[in-house]
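Now for the letters of each chain:
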Amino acid sequence: MMEMFQEPPKMKDPGAPTVIIVGAGLAGLTLAILLEKAKIEYLIFEKASEVKPLGSTIALGPNVMPLFTQLGLFDDFVAISRPVNHITIHKEKENMRPIGKVDIEEHIEKSGYSSRVCSRPKLYDLLLSRIPPSKVHFGKRVLSIVHGDDHGALIRTADGRSYEADILVGADGAYSAVRQSLYEQLKKDKILPRSDQAKMEVNHMTLVGLTGPMDPEKYPALKEAEATSFSRADWVIGHGPYTWRYYSLPDNCIGWGFGTQILNEDLSKENDTFRATEWGPESAHVLCKEIRDYKIPIGGTIGDLIDNTPKDYISKVMLEEKLFETWYHGRTVLIGDACHKIMPYVGQGAVNAMEDAVILANALYEVTSATSKNIKNAFKEYRQLRYPHAAEQFQKSKLFTMLMVGQTWYEDLLRRVVLGYASDFFQRRNYAKTLNYRPQATFLPLVPDRGTIPILPQKPSLRYAAEQAVLAKQGAGVGAEASLVSSHVETVVDTSAVVSGSGVEQAKEHKECI
(Lines give C-alpha, C1' and ligand atoms only; values in the text may rest on other atoms or scores of the structure.)
Protein backbone atom coordinates (compact mmCIF):
# COMPACT_ATOMS: atom_id res chain seq x y z
CA MET A 1 0.00 0.00 0.00
CA MET A 2 1.53 3.33 1.08
CA GLU A 3 5.28 2.88 1.01
CA MET A 4 7.78 5.25 2.54
CA PHE A 5 8.99 7.89 0.13
CA GLN A 6 10.75 11.24 0.23
CA GLU A 7 8.54 12.80 -2.43
CA PRO A 8 5.01 11.56 -3.05
CA PRO A 9 4.43 9.84 -6.37
CA LYS A 10 1.69 10.81 -8.77
CA MET A 11 -1.75 9.87 -7.55
CA LYS A 12 -3.17 6.61 -8.83
CA ASP A 13 -6.53 6.43 -10.55
CA PRO A 14 -9.39 6.69 -8.04
CA GLY A 15 -10.40 3.35 -6.57
CA ALA A 16 -11.07 2.06 -3.08
CA PRO A 17 -9.69 4.63 -0.61
CA THR A 18 -6.44 4.34 1.30
CA VAL A 19 -6.33 5.73 4.82
CA ILE A 20 -3.73 7.25 7.15
CA ILE A 21 -4.72 7.19 10.84
CA VAL A 22 -2.78 9.56 13.09
CA GLY A 23 -3.03 8.36 16.69
CA ALA A 24 -3.00 4.82 18.08
CA GLY A 25 -5.41 5.43 20.94
CA LEU A 26 -8.68 3.59 21.45
CA ALA A 27 -10.40 5.46 18.61
CA GLY A 28 -7.59 4.87 16.13
CA LEU A 29 -7.20 1.20 17.00
CA THR A 30 -10.94 0.53 16.77
CA LEU A 31 -11.08 2.17 13.37
CA ALA A 32 -8.07 0.14 12.24
CA ILE A 33 -9.74 -3.15 13.24
CA LEU A 34 -12.84 -2.13 11.31
CA LEU A 35 -10.85 -1.15 8.22
CA GLU A 36 -9.02 -4.47 8.45
CA LYS A 37 -12.38 -6.25 8.37
CA ALA A 38 -13.57 -4.05 5.51
CA LYS A 39 -10.37 -4.75 3.53
CA ILE A 40 -9.61 -1.04 3.28
CA GLU A 41 -5.88 -0.29 3.20
CA TYR A 42 -4.54 1.81 6.08
CA LEU A 43 -1.54 2.67 8.20
CA ILE A 44 -1.42 4.03 11.77
CA PHE A 45 1.14 6.60 12.92
CA GLU A 46 1.67 7.16 16.66
CA LYS A 47 4.07 9.71 18.12
CA ALA A 48 4.81 7.63 21.24
CA SER A 49 7.71 5.23 20.81
CA GLU A 50 6.08 2.54 22.91
CA VAL A 51 2.81 1.69 24.59
CA LYS A 52 2.77 3.08 28.13
CA PRO A 53 0.49 1.62 30.82
CA LEU A 54 -1.23 4.93 31.54
CA GLY A 55 -4.73 5.33 32.84
CA SER A 56 -6.88 3.49 35.32
CA THR A 57 -10.19 1.82 34.62
CA ILE A 58 -12.31 2.28 31.57
CA ALA A 59 -16.04 1.66 31.40
CA LEU A 60 -17.82 0.39 28.31
CA GLY A 61 -21.58 0.26 28.18
CA PRO A 62 -23.91 -1.92 26.11
CA ASN A 63 -23.69 0.56 23.22
CA VAL A 64 -20.52 -1.07 21.84
CA MET A 65 -21.07 -4.70 22.83
CA PRO A 66 -22.76 -5.73 19.55
CA LEU A 67 -19.79 -4.21 17.72
CA PHE A 68 -17.36 -6.12 19.94
CA THR A 69 -19.29 -9.29 19.13
CA GLN A 70 -19.02 -8.59 15.39
CA LEU A 71 -15.28 -7.99 15.66
CA GLY A 72 -14.65 -11.14 17.70
CA LEU A 73 -13.60 -9.09 20.74
CA PHE A 74 -16.48 -9.74 23.10
CA ASP A 75 -15.35 -12.98 24.79
CA ASP A 76 -11.81 -11.68 25.30
CA PHE A 77 -13.18 -8.41 26.68
CA VAL A 78 -15.41 -10.28 29.14
CA ALA A 79 -12.35 -12.20 30.35
CA ILE A 80 -10.46 -9.00 31.30
CA SER A 81 -13.42 -7.06 32.69
CA ARG A 82 -16.08 -7.12 35.38
CA PRO A 83 -19.78 -6.22 35.06
CA VAL A 84 -21.05 -3.33 37.17
CA ASN A 85 -24.48 -3.46 38.79
CA HIS A 86 -24.37 -0.13 40.56
CA ILE A 87 -22.08 2.62 41.80
CA THR A 88 -22.69 3.58 45.42
CA ILE A 89 -22.35 7.27 46.28
CA HIS A 90 -20.94 8.08 49.75
CA LYS A 91 -20.59 11.37 51.63
CA GLU A 92 -17.33 11.73 53.58
CA LYS A 93 -18.82 14.26 56.03
CA GLU A 94 -21.54 11.74 56.90
CA ASN A 95 -19.11 8.95 57.89
CA MET A 96 -19.19 7.42 54.42
CA ARG A 97 -22.95 6.88 54.62
CA PRO A 98 -24.42 5.99 51.21
CA ILE A 99 -26.55 8.85 49.92
CA GLY A 100 -27.53 7.38 46.57
CA LYS A 101 -26.46 5.13 43.75
CA VAL A 102 -26.17 4.93 40.01
CA ASP A 103 -28.13 1.76 39.29
CA ILE A 104 -27.18 0.07 36.02
CA GLU A 105 -28.28 -3.47 36.83
CA GLU A 106 -31.20 -3.13 34.41
CA HIS A 107 -28.77 -2.71 31.50
CA ILE A 108 -28.81 -6.49 31.07
CA GLU A 109 -32.58 -6.69 30.76
CA LYS A 110 -32.94 -3.52 28.68
CA SER A 111 -30.10 -4.11 26.22
CA GLY A 112 -29.04 -7.73 26.63
CA TYR A 113 -25.60 -6.64 27.85
CA SER A 114 -24.14 -5.42 31.12
CA SER A 115 -21.93 -2.39 31.52
CA ARG A 116 -18.37 -3.51 32.24
CA VAL A 117 -15.14 -2.06 33.59
CA CYS A 118 -11.58 -3.14 32.87
CA SER A 119 -8.08 -1.75 33.11
CA ARG A 120 -7.29 0.67 30.33
CA PRO A 121 -3.91 -0.97 29.51
CA LYS A 122 -5.54 -4.40 29.08
CA LEU A 123 -8.21 -3.03 26.76
CA TYR A 124 -5.52 -1.27 24.76
CA ASP A 125 -3.51 -4.49 24.48
CA LEU A 126 -6.60 -6.39 23.34
CA LEU A 127 -7.32 -3.95 20.53
CA LEU A 128 -3.69 -3.72 19.47
CA SER A 129 -3.42 -7.51 19.27
CA ARG A 130 -5.99 -7.56 16.45
CA ILE A 131 -3.95 -5.30 14.15
CA PRO A 132 -1.03 -6.55 12.03
CA PRO A 133 2.18 -5.08 13.56
CA SER A 134 3.34 -3.94 10.12
CA LYS A 135 0.44 -1.48 9.99
CA VAL A 136 1.21 0.33 13.27
CA HIS A 137 4.21 2.68 13.27
CA PHE A 138 5.27 3.94 16.70
CA GLY A 139 7.68 6.83 17.24
CA LYS A 140 6.27 8.64 14.20
CA ARG A 141 5.66 12.24 15.23
CA VAL A 142 3.85 14.19 12.55
CA LEU A 143 5.56 17.51 11.80
CA SER A 144 3.47 18.84 8.94
CA ILE A 145 0.29 18.00 7.09
CA VAL A 146 -0.98 18.86 3.64
CA HIS A 147 -4.76 18.64 3.69
CA GLY A 148 -5.45 17.76 0.08
CA ASP A 149 -8.69 18.09 -1.80
CA ASP A 150 -8.26 16.67 -5.28
CA HIS A 151 -4.84 15.15 -4.68
CA GLY A 152 -5.01 13.23 -1.42
CA ALA A 153 -3.63 14.05 2.03
CA LEU A 154 0.07 14.08 2.92
CA ILE A 155 1.91 13.89 6.25
CA ARG A 156 5.61 14.42 6.98
CA THR A 157 7.11 12.84 10.07
CA ALA A 158 10.07 13.82 12.23
CA ASP A 159 12.30 11.16 10.65
CA GLY A 160 12.09 12.93 7.29
CA ARG A 161 9.62 10.52 5.70
CA SER A 162 6.45 11.44 3.82
CA TYR A 163 3.26 9.44 3.47
CA GLU A 164 0.27 10.01 1.25
CA ALA A 165 -3.22 8.53 1.18
CA ASP A 166 -6.70 9.33 -0.04
CA ILE A 167 -7.97 10.01 3.48
CA LEU A 168 -6.38 11.36 6.67
CA VAL A 169 -8.02 10.51 9.99
CA GLY A 170 -7.16 12.55 13.07
CA ALA A 171 -7.52 10.15 16.01
CA ASP A 172 -4.80 11.83 18.04
CA GLY A 173 -6.70 12.97 21.11
CA ALA A 174 -7.88 16.18 22.70
CA TYR A 175 -4.82 18.16 21.59
CA SER A 176 -4.96 16.71 18.09
CA ALA A 177 -2.14 17.86 15.82
CA VAL A 178 -4.32 16.96 12.84
CA ARG A 179 -7.16 19.15 14.09
CA GLN A 180 -4.85 22.05 14.89
CA SER A 181 -3.28 21.89 11.44
CA LEU A 182 -6.66 21.64 9.72
CA TYR A 183 -8.11 24.50 11.75
CA GLU A 184 -5.14 26.73 11.00
CA GLN A 185 -5.82 26.26 7.30
CA LEU A 186 -9.56 26.86 7.70
CA LYS A 187 -8.94 29.93 9.83
CA LYS A 188 -6.59 31.31 7.17
CA ASP A 189 -9.32 30.67 4.60
CA LYS A 190 -11.80 32.42 6.95
CA ILE A 191 -14.19 29.47 7.07
CA LEU A 192 -13.52 28.17 10.61
CA PRO A 193 -16.50 28.76 12.95
CA ARG A 194 -15.78 31.13 15.82
CA SER A 195 -16.70 28.48 18.38
CA ASP A 196 -13.97 26.18 17.05
CA GLN A 197 -11.39 28.93 17.55
CA ALA A 198 -12.03 29.05 21.31
CA LYS A 199 -9.86 26.97 23.64
CA MET A 200 -11.14 23.89 25.38
CA GLU A 201 -12.45 24.35 28.90
CA VAL A 202 -9.95 22.89 31.35
CA ASN A 203 -11.31 23.10 34.87
CA HIS A 204 -10.63 19.70 36.39
CA MET A 205 -7.67 17.51 37.05
CA THR A 206 -7.48 14.08 38.59
CA LEU A 207 -4.99 11.48 39.73
CA VAL A 208 -5.60 7.94 38.49
CA GLY A 209 -3.92 4.65 39.20
CA LEU A 210 -4.19 0.90 38.82
CA THR A 211 -3.09 -1.30 41.71
CA GLY A 212 -1.57 -4.74 41.61
CA PRO A 213 -3.44 -7.58 43.36
CA MET A 214 -4.76 -6.48 46.77
CA ASP A 215 -5.12 -8.79 49.78
CA PRO A 216 -8.76 -9.96 49.90
CA GLU A 217 -8.34 -10.93 53.57
CA LYS A 218 -7.59 -7.30 54.40
CA TYR A 219 -10.36 -6.07 52.10
CA PRO A 220 -13.28 -8.54 52.39
CA ALA A 221 -15.27 -6.52 49.86
CA LEU A 222 -12.83 -7.73 47.21
CA LYS A 223 -13.45 -11.34 48.18
CA GLU A 224 -17.17 -10.74 47.83
CA ALA A 225 -16.65 -9.10 44.44
CA GLU A 226 -14.58 -12.03 43.22
CA ALA A 227 -17.23 -14.48 44.44
CA THR A 228 -20.03 -12.68 42.60
CA SER A 229 -17.85 -11.68 39.58
CA PHE A 230 -19.27 -8.16 39.84
CA SER A 231 -17.16 -5.05 40.31
CA ARG A 232 -17.33 -3.25 43.63
CA ALA A 233 -17.78 0.40 42.67
CA ASP A 234 -17.78 3.33 45.12
CA TRP A 235 -17.72 7.10 44.70
CA VAL A 236 -16.98 9.43 47.62
CA ILE A 237 -18.03 13.06 47.76
CA GLY A 238 -15.30 14.59 49.90
CA HIS A 239 -14.77 17.99 51.47
CA GLY A 240 -13.75 20.99 49.41
CA PRO A 241 -13.32 20.30 45.70
CA TYR A 242 -12.36 16.63 46.11
CA THR A 243 -14.00 13.37 45.16
CA TRP A 244 -12.53 9.90 44.84
CA ARG A 245 -13.72 6.65 43.33
CA TYR A 246 -12.60 3.14 42.55
CA TYR A 247 -13.67 -0.08 40.80
CA SER A 248 -12.58 -3.59 41.66
CA LEU A 249 -11.18 -5.52 38.70
CA PRO A 250 -10.20 -9.14 38.01
CA ASP A 251 -7.39 -10.60 40.17
CA ASN A 252 -8.31 -8.33 43.11
CA CYS A 253 -6.87 -5.25 41.40
CA ILE A 254 -8.42 -1.82 41.90
CA GLY A 255 -8.65 1.03 39.45
CA TRP A 256 -8.87 4.30 41.36
CA GLY A 257 -9.10 8.02 40.80
CA PHE A 258 -8.80 10.97 43.13
CA GLY A 259 -9.00 14.70 42.88
CA THR A 260 -11.23 16.10 40.21
CA GLN A 261 -10.05 19.42 41.51
CA ILE A 262 -11.87 22.40 40.10
CA LEU A 263 -9.15 24.60 38.65
CA ASN A 264 -9.09 28.36 38.99
CA GLU A 265 -7.74 30.49 36.14
CA ASP A 266 -4.22 30.80 37.59
CA LEU A 267 -3.87 27.06 38.24
CA SER A 268 -5.17 26.29 34.78
CA LYS A 269 -2.48 28.51 33.24
CA GLU A 270 0.21 26.84 35.33
CA ASN A 271 -0.76 23.53 33.78
CA ASP A 272 -0.76 24.70 30.15
CA THR A 273 2.52 22.96 29.39
CA PHE A 274 1.63 19.77 31.22
CA ARG A 275 -1.83 19.25 29.81
CA ALA A 276 -0.52 19.18 26.27
CA THR A 277 0.85 15.73 27.18
CA GLU A 278 -2.65 14.63 28.30
CA TRP A 279 -1.45 11.64 30.33
CA GLY A 280 1.65 11.12 32.41
CA PRO A 281 3.24 10.76 35.85
CA GLU A 282 4.45 14.38 35.95
CA SER A 283 3.81 16.00 39.34
CA ALA A 284 1.76 12.98 40.43
CA HIS A 285 3.97 12.28 43.45
CA VAL A 286 3.17 15.68 44.98
CA LEU A 287 -0.56 15.06 44.97
CA CYS A 288 -0.04 11.48 46.19
CA LYS A 289 1.47 12.82 49.41
CA GLU A 290 -1.43 15.19 49.96
CA ILE A 291 -4.22 12.63 49.65
CA ARG A 292 -2.84 9.57 51.43
CA ASP A 293 -5.03 9.80 54.52
CA TYR A 294 -8.41 9.98 52.83
CA LYS A 295 -10.54 6.96 53.76
CA ILE A 296 -12.22 4.57 51.34
CA PRO A 297 -15.47 2.64 51.95
CA ILE A 298 -13.90 -0.83 51.61
CA GLY A 299 -11.54 -0.04 54.51
CA GLY A 300 -8.15 1.59 54.65
CA THR A 301 -7.11 4.75 52.85
CA ILE A 302 -6.15 6.11 49.47
CA GLY A 303 -2.58 5.68 50.67
CA ASP A 304 -3.07 1.90 50.69
CA LEU A 305 -4.08 2.03 47.04
CA ILE A 306 -1.13 4.26 46.16
CA ASP A 307 1.33 1.95 47.91
CA ASN A 308 0.02 -1.00 45.90
CA THR A 309 0.21 0.87 42.59
CA PRO A 310 3.41 0.80 40.48
CA LYS A 311 4.66 4.33 39.93
CA ASP A 312 4.38 3.92 36.16
CA TYR A 313 0.67 3.22 36.62
CA ILE A 314 -0.08 6.54 38.36
CA SER A 315 -0.96 9.46 36.13
CA LYS A 316 -1.99 13.05 36.66
CA VAL A 317 -4.60 13.93 34.08
CA MET A 318 -6.04 17.23 32.95
CA LEU A 319 -9.72 16.95 32.09
CA GLU A 320 -11.02 19.07 29.25
CA GLU A 321 -14.38 19.32 27.56
CA LYS A 322 -15.44 20.72 24.23
CA LEU A 323 -17.71 19.76 21.36
CA PHE A 324 -16.21 20.95 18.09
CA GLU A 325 -18.40 21.90 15.14
CA THR A 326 -15.94 21.14 12.33
CA TRP A 327 -15.32 17.41 12.03
CA TYR A 328 -13.99 17.25 8.49
CA HIS A 329 -12.79 19.22 5.50
CA GLY A 330 -11.39 18.10 2.18
CA ARG A 331 -9.86 14.67 2.73
CA THR A 332 -9.30 15.07 6.48
CA VAL A 333 -11.72 13.81 9.15
CA LEU A 334 -11.62 13.73 12.97
CA ILE A 335 -12.81 11.07 15.41
CA GLY A 336 -12.88 10.60 19.19
CA ASP A 337 -11.47 13.25 21.50
CA ALA A 338 -10.15 15.14 18.48
CA CYS A 339 -13.71 16.30 17.71
CA HIS A 340 -15.56 15.87 21.01
CA LYS A 341 -13.80 15.78 24.37
CA ILE A 342 -16.21 14.48 26.98
CA MET A 343 -15.62 14.44 30.73
CA PRO A 344 -15.01 10.86 31.90
CA TYR A 345 -17.52 10.61 34.74
CA VAL A 346 -20.44 9.44 32.63
CA GLY A 347 -18.31 6.66 31.12
CA GLN A 348 -18.97 7.69 27.53
CA GLY A 349 -15.61 8.98 26.26
CA ALA A 350 -14.29 5.67 24.93
CA VAL A 351 -17.77 4.54 23.90
CA ASN A 352 -18.28 7.63 21.74
CA ALA A 353 -14.85 7.25 20.18
CA MET A 354 -15.69 3.67 19.18
CA GLU A 355 -19.08 4.74 17.87
CA ASP A 356 -17.32 7.33 15.72
CA ALA A 357 -15.06 4.61 14.37
CA VAL A 358 -17.85 2.26 13.33
CA ILE A 359 -20.01 4.95 11.71
CA LEU A 360 -17.01 6.33 9.80
CA ALA A 361 -15.96 2.83 8.71
CA ASN A 362 -19.50 2.18 7.45
CA ALA A 363 -19.39 5.34 5.37
CA LEU A 364 -15.92 4.57 3.96
CA TYR A 365 -16.96 1.05 3.01
CA GLU A 366 -19.43 2.50 0.54
CA VAL A 367 -16.67 4.52 -1.21
CA THR A 368 -15.57 2.38 -4.14
CA SER A 369 -14.06 5.30 -6.05
CA ALA A 370 -11.91 7.66 -3.97
CA THR A 371 -12.94 10.88 -5.66
CA SER A 372 -13.14 14.08 -3.65
CA LYS A 373 -16.92 14.15 -4.07
CA ASN A 374 -17.40 10.60 -2.79
CA ILE A 375 -15.10 11.16 0.17
CA LYS A 376 -16.84 14.42 1.07
CA ASN A 377 -20.23 12.67 0.95
CA ALA A 378 -18.92 9.90 3.21
CA PHE A 379 -17.59 12.44 5.72
CA LYS A 380 -20.84 14.40 5.57
CA GLU A 381 -22.89 11.29 6.32
CA TYR A 382 -20.57 10.34 9.18
CA ARG A 383 -21.01 13.71 10.88
CA GLN A 384 -24.77 13.81 10.25
CA LEU A 385 -25.20 10.45 11.93
CA ARG A 386 -22.77 10.99 14.81
CA TYR A 387 -23.01 14.66 15.81
CA PRO A 388 -26.51 14.57 17.40
CA HIS A 389 -25.59 11.58 19.58
CA ALA A 390 -22.22 13.05 20.55
CA ALA A 391 -23.90 16.35 21.44
CA GLU A 392 -26.45 14.56 23.61
CA GLN A 393 -23.74 12.65 25.48
CA PHE A 394 -21.73 15.85 25.87
CA GLN A 395 -24.65 17.53 27.65
CA LYS A 396 -25.30 14.45 29.81
CA SER A 397 -21.64 14.45 30.75
CA LYS A 398 -21.85 18.06 31.95
CA LEU A 399 -24.90 17.24 34.08
CA PHE A 400 -23.37 14.07 35.52
CA THR A 401 -20.12 15.90 36.30
CA MET A 402 -22.09 18.46 38.28
CA LEU A 403 -23.89 15.68 40.16
CA MET A 404 -20.73 13.76 41.01
CA VAL A 405 -18.28 16.60 41.57
CA GLY A 406 -20.33 19.66 42.54
CA GLN A 407 -19.88 20.95 46.09
CA THR A 408 -22.51 23.69 46.49
CA TRP A 409 -25.61 23.12 48.61
CA TYR A 410 -27.75 23.24 45.47
CA GLU A 411 -25.65 20.59 43.72
CA ASP A 412 -25.69 18.42 46.81
CA LEU A 413 -29.50 18.66 46.99
CA LEU A 414 -29.79 17.85 43.30
CA ARG A 415 -27.48 14.88 43.76
CA ARG A 416 -29.59 13.47 46.58
CA VAL A 417 -32.78 13.85 44.53
CA VAL A 418 -31.47 12.43 41.26
CA LEU A 419 -29.34 9.63 42.74
CA GLY A 420 -31.35 9.00 45.88
CA TYR A 421 -35.03 9.78 46.28
CA ALA A 422 -35.99 9.74 42.60
CA SER A 423 -33.17 7.67 41.17
CA ASP A 424 -35.41 5.05 39.55
CA PHE A 425 -37.38 7.66 37.62
CA PHE A 426 -34.37 9.56 36.28
CA GLN A 427 -32.24 6.53 35.52
CA ARG A 428 -34.96 4.57 33.71
CA ARG A 429 -35.71 7.64 31.66
CA ASN A 430 -32.04 7.76 30.73
CA TYR A 431 -32.00 4.07 29.74
CA ALA A 432 -34.59 4.56 27.04
CA LYS A 433 -32.64 7.40 25.43
CA THR A 434 -29.18 5.85 25.71
CA LEU A 435 -29.37 2.08 25.35
CA ASN A 436 -31.23 2.13 22.03
CA TYR A 437 -28.09 3.43 20.30
CA ARG A 438 -25.97 0.36 19.53
CA PRO A 439 -24.43 0.85 16.08
CA GLN A 440 -22.87 -2.07 14.24
CA ALA A 441 -20.60 -2.48 11.24
CA THR A 442 -22.98 -2.74 8.31
CA PHE A 443 -20.39 -4.58 6.19
CA LEU A 444 -20.27 -7.52 8.63
CA PRO A 445 -22.97 -10.03 9.63
CA LEU A 446 -25.28 -8.24 12.04
CA VAL A 447 -25.62 -9.41 15.62
CA PRO A 448 -29.30 -10.11 16.48
CA ASP A 449 -30.98 -7.57 18.72
CA ARG A 450 -31.10 -8.35 22.43
CA GLY A 451 -32.94 -6.79 25.35
CA THR A 452 -36.32 -5.14 25.75
CA ILE A 453 -35.33 -1.73 24.37
CA PRO A 454 -35.27 -1.99 20.57
CA ILE A 455 -32.22 -0.53 18.85
CA LEU A 456 -32.53 2.44 16.54
CA PRO A 457 -32.89 1.42 12.90
CA GLN A 458 -29.52 1.57 11.17
CA LYS A 459 -28.88 2.49 7.56
CA PRO A 460 -27.80 -0.81 5.98
CA SER A 461 -25.01 -1.32 3.48
CA LEU A 462 -26.54 -2.01 0.09
CA ARG A 463 -23.09 -2.93 -1.19
CA TYR A 464 -22.59 -5.59 1.49
CA ALA A 465 -26.11 -6.95 1.08
CA ALA A 466 -25.62 -7.33 -2.66
CA GLU A 467 -22.30 -9.10 -2.16
CA GLN A 468 -23.78 -11.48 0.39
CA ALA A 469 -26.81 -12.18 -1.79
CA VAL A 470 -24.46 -13.34 -4.55
CA LEU A 471 -22.54 -15.53 -2.12
CA ALA A 472 -25.77 -16.98 -0.75
CA LYS A 473 -26.85 -17.96 -4.26
CA GLN A 474 -23.50 -19.64 -4.76
CA GLY A 475 -24.04 -21.63 -1.56
CA ALA A 476 -21.18 -19.91 0.27
CA GLY A 477 -23.12 -19.25 3.46
CA VAL A 478 -23.48 -22.16 5.85
CA GLY A 479 -24.66 -22.61 9.41
CA ALA A 480 -24.78 -19.61 11.71
CA GLU A 481 -22.92 -17.44 9.19
CA ALA A 482 -25.60 -18.04 6.57
CA SER A 483 -28.28 -17.19 9.12
CA LEU A 484 -26.61 -13.89 9.94
CA VAL A 485 -26.17 -13.08 6.25
CA SER A 486 -29.82 -13.85 5.61
CA SER A 487 -30.80 -11.62 8.51
CA HIS A 488 -28.69 -8.80 7.11
CA VAL A 489 -30.22 -9.11 3.62
CA GLU A 490 -33.73 -9.15 5.10
CA THR A 491 -32.90 -6.01 7.08
CA VAL A 492 -31.95 -4.21 3.87
CA VAL A 493 -35.19 -5.28 2.20
CA ASP A 494 -37.34 -4.36 5.20
CA THR A 495 -35.79 -0.91 5.58
CA SER A 496 -35.31 -0.02 1.92
CA ALA A 497 -37.97 2.64 2.16
CA VAL A 498 -36.10 4.18 5.05
CA VAL A 499 -32.72 4.52 3.39
CA SER A 500 -33.65 5.17 -0.22
CA GLY A 501 -33.20 8.60 -1.74
CA SER A 502 -31.76 11.09 0.71
CA GLY A 503 -31.17 8.39 3.34
CA VAL A 504 -30.87 10.19 6.66
CA GLU A 505 -33.62 12.70 5.94
CA GLN A 506 -36.17 10.03 5.01
CA ALA A 507 -35.05 7.91 7.94
CA LYS A 508 -36.33 10.59 10.31
CA GLU A 509 -39.83 9.54 9.31
CA HIS A 510 -38.88 6.15 10.79
CA LYS A 511 -38.10 7.93 14.09
CA GLU A 512 -34.32 7.89 13.75
CA CYS A 513 -31.57 6.18 11.82
CA ILE A 514 -27.98 5.64 12.97
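Here the structure is a predicted model, which means the values were calculated and not measured.

Quick notes on the rules
- Residues numbered from 1 in each chain as written.
- Predicted model: local features only at pLDDT ≥ 70, side-chain atom pairs only at ≥ 80, totals over all residues.
- Heavy atoms only, no water.
- pLDDT = per-residue confidence, 0-100.
- Contact = heavy atoms within 4.5 Å.
- Pairing = 2+ DSSP bridges.
- Helix = DSSP H or I, 4+ residues; strand = E, 2+ residues; numbered from the N terminus.
- Axes fitted to C-alpha atoms, helices over the stretch in contact; angles between N-to-C directions.
- Buried < 20%, exposed > 50% of the residue type's maximum accessible area, 1.4 Å probe, protein only.

Caption draft 1: Structural detail: the confidence of the model for the protein chain. Confidence along the protein chain averages 82 in pLDDT terms, with 78% of residues attaining 70 or more. Between residues 266-280, whose pLDDT stays under 50, and residues either more than four places distant or in other chains, the model counts 35 contacts.

Caption draft 2: Molecular detail of the sheet that holds strand 9 (residues 142-146). Strands sit in the order 9-10-11 across an open sheet of three strands; the sheet is antiparallel. One side of each edge strand has no neighbouring strand; the edge strands of this open sheet are strand 9 and strand 11 (162-165). Direction aside, neighbouring strands of the sheet carry axes that sit 20° apart on average. When strand 10 (residues 153-157) meets strand 11, the two strands line up antiparallel, connected through four bridges.

Caption draft 3: Broad picture of the pairing of strand 15 (residues 243-249). With seven of its seven residues buried, strand 15 lies for the most part within the structure. Neither face of strand 15 is left uncovered, since the one carrying Thr243, Arg245, Tyr247 and Leu249 and the one carrying Trp244, Tyr246 and Ser248 both have all their residues buried. In this structure, strand 14 (residues 233-237) lies alongside strand 15, joined through five bridges in antiparallel fashion. From the neighbouring strand, Trp235 faces strand 15, where its bridge partner is Arg245.

Caption draft 4: Structural view of the sheet that holds strand 3 (residues 57-60). Taken together, the three strands give an open sheet; going across it, the order is 3-7-4, and neighbouring strands pair in antiparallel fashion. Whereas interior strands pair on both sides, the edge strands pair on one side only; in this sheet they are strand 3 and strand 4 (81-83). Strand-to-strand twist in this sheet, taken as the mean axis angle between neighbours without regard to direction, amounts to 25°. Alignment of strand 3 against strand 7 (residues 116-119), held across four bridges, turns out to be antiparallel. Bridge pairing links Leu60 to Arg116 in strand 7.

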